[in-house]
Amino acid sequence: MEEERGNASSEWEFILLGVSDQPRLEMLLFVVFFVLYIMNLVGNVAIIVVLWLEPSLHTPMYFFLSNLSFLDLCYTTSTVPQMLVNFRSTHKSISWAGCVAQLYVFLSLGCTECLLLVVMAYDRYVAICQPLRYTIVMNRRLCLQMAATVWLSGFGNSMLQTILTMQLPRCGRNRVDHFFCELPAMMKLACVDTSANEAEAFAVSVIFLLVPLGLILVSYGYIVTAVLRIRSAQGRLKAFNTCASHLAVVSLFYGTAIFMYLQPPSSYSQEQGKMVSLFYGIIAPMLNSLIYTMRSKDVHGALRRVLGRLFGSKRT
């Protein structure tokens, strides 16, 4: 009877092992990721509010930046709260439905970020290589269409991957050696040959990682060529500065995501995978808000003005 109950529960919940064999490390990770999550919430919410309230920042570049901030906010929220609960719990479980939702949302937001970074690169390409046509090309309608396409493509593609992964027979296995439900870790639970799933996941990774990265590199090839034609050193520096934040975000995200997804799960190192996932799924989104706020004088100035209006009105 107990065995039947155990088998039934294993079908409807997963145990997220994380680093449960190292309680001291769990406590340290709880503190670190709690602080990082709060910083991520504050940083990205501040960017979204400032970009919304400051009329001078109602431009295509900052419209896409607000999309990125919202995406990063959702990205961390899809995994971190559950992780924090499990770090302080003896029963580190997640329901079957919760795991499906987490896997789907995490994959969807990852695919969406891949495409959004391409759109942001195209925006910089038009701004620097075709400055006189920028307002015509990057009009409000096109920006909304590109943003909608990016979000719909990311969430549409991940539905198939999630269904194929969760339909794999697990033969009662429910112990996920990870902090959250992620594609390679979930495939590891399968008790059948996963070659077809691995091939599908690899093909999707090529489409959503390598192809967008190639387009970004081509865009920056044209940007570098255009910048080098600028005669004044100050003009060249200003042009490069407008792209530096985006390049830093691209390097952080694509570097770790390619390492994670462009290798078959059969050759996947569980310990390495856990650490890399934490970096691109939690640490990188938090760094994105820091990178943009620290490097952008426009965001700095807008933040000061918004805070000045807020505290000024409170005094009066």
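What this report covers is the structure whose coordinates are included nearby. Throughout this description, residue numbers start from 1 for each chain and increase along the sequence as written. Predicted model: local features are reported for residues with pLDDT of at least 70 only, side-chain atom pairs are reported and counted for 80 or more only, and whole-chain, interface and lining totals are derived from all residues. To obtain the side-chain values, all non-hydrogen atoms of the structure were included, while hydrogens and water were left out.

Focus: the environment of Gly110
The cut-off we apply is this: Think of it this way: any DSSP run of H or I at least four residues long counts as a helix, any run of E at least two long counts as a strand, and we number them from the N terminus. Residue exposure (1.4 Å probe, protein chains only): buried if accessible area is under 20% of the type maximum, exposed if over 50%, otherwise partly exposed. Residue contacts are defined here by distance: any two heavy atoms, one from each residue, within 4.5 Å place the two residues in contact.
Inspection of the secondary structure puts Gly110 in helix H5 (residues 96–129). Accessibility expressed as a relative area gives 10% for Gly110, which makes it buried. Expressed as a C-alpha distance, the spacing of Gly110 and Gly154, which sit 44 residues apart in the sequence, is 7.6 Å. Here Gly110 is in contact with Tyr75 and Phe253, once residues within four sequence places are set aside.

Description of the packing of aromatic side chains
The cut-off we apply is this: Pairs were defined over the aromatic rings of Phe, Tyr and Trp, the Trp ring being its six-membered one, requiring ring centres within 6.5 Å. Orientation was assigned from the angle between planes: stacked under 30 degrees, edge-to-face over 60, tilted for the rest.
Tallied over the full model, the rule gives 11 aromatic pairs. Measuring from ring centre to ring centre gives 4.9 Å for Phe106 and Phe180, while their planes differ by 50°; the resulting arrangement is tilted. Of this pair, Phe106 sits in helix H5 while Phe180 sits in the loop between strand S3 (175–176) and helix H8 (183–187), and the two are 74 residues apart along the sequence. Relative accessible area serves as the criterion here: at 0%, Phe180 is assigned to the buried category. Between the aromatic rings of Tyr125 and Tyr222, the centroid separation amounts to 5.9 Å while the plane-to-plane angle is 65°, which identifies the pairing as edge-to-face. Here the residue Tyr125 occupies a position in helix H5, and Tyr222 occupies one in helix H9 (residues 195–228), the gap between them amounting to 97 residues. Through successive ring pairs, a cluster of aromatic residues spans Phe70, Tyr104, Trp151 and Phe155.

Notes on the packing of helix H7 (residues 140–166) against H9
A packed helix pair is summarised by two numbers, namely the angle formed by the two axes and the spacing between the axes. Note the cut-off: Axes here mean lines fitted to C-alpha atoms, for a helix over just the part in contact, with angles spanning 0 to 180 degrees between N-to-C directions. Reported orientations rely on four angle classes, namely roughly parallel under 35 degrees, roughly antiparallel over 145, roughly perpendicular from 65 to 115, and oblique for the rest. Should the near helix be turned counterclockwise from the far one by less than a right angle, the crossing is left-handed, whereas a clockwise turn marks it as right-handed. All residues other than Ala, Val, Leu, Ile, Met, Phe, Trp, Tyr, Cys, Pro, Asp, Glu, Lys and Arg, Gly among them, are scored as polar; the first ten of these are nonpolar and the last four charged.
Orientation of H7 relative to H9, taken along the N-to-C sense of each, is 165°, at an axis distance of 10 Å. Our classification of the angle between H7 and H9 gives roughly antiparallel. Considering only the axes of H7 and H9, their crossing is left-handed. For the pair H7 and H9, contact is made by Ser153, Asn157, Leu160, Gln161, Leu164 and Thr165 and by Asn197, Glu200, Ala201, Val204 and Phe208, respectively. Taken together, the residues of the contact of H7 with H9 sort by class into five nonpolar, five polar and one charged.

Some words on the nonpolar core
Across soluble globular proteins, nonpolar side chains show a tendency to be buried alongside one another. For the record, the criterion: Nonpolar cores were defined as sets of buried Ala, Val, Leu, Ile, Met, Phe, Trp, Tyr and Cys residues, with membership established by side-chain atoms within 4.5 Å.
Ranked by size, the top nonpolar core spans 90 residues in total, and within it Phe33, Phe64 and Tyr254 carry the most contacts. It is H5 that provides the largest number of residues to this core, a total of 17 residues. Sequence-distant contacts of Phe33, that is, excluding residues within four places in its chain, are made with Val80, Met83, Leu84, Phe87, Leu278, Ile282 and Ile283.

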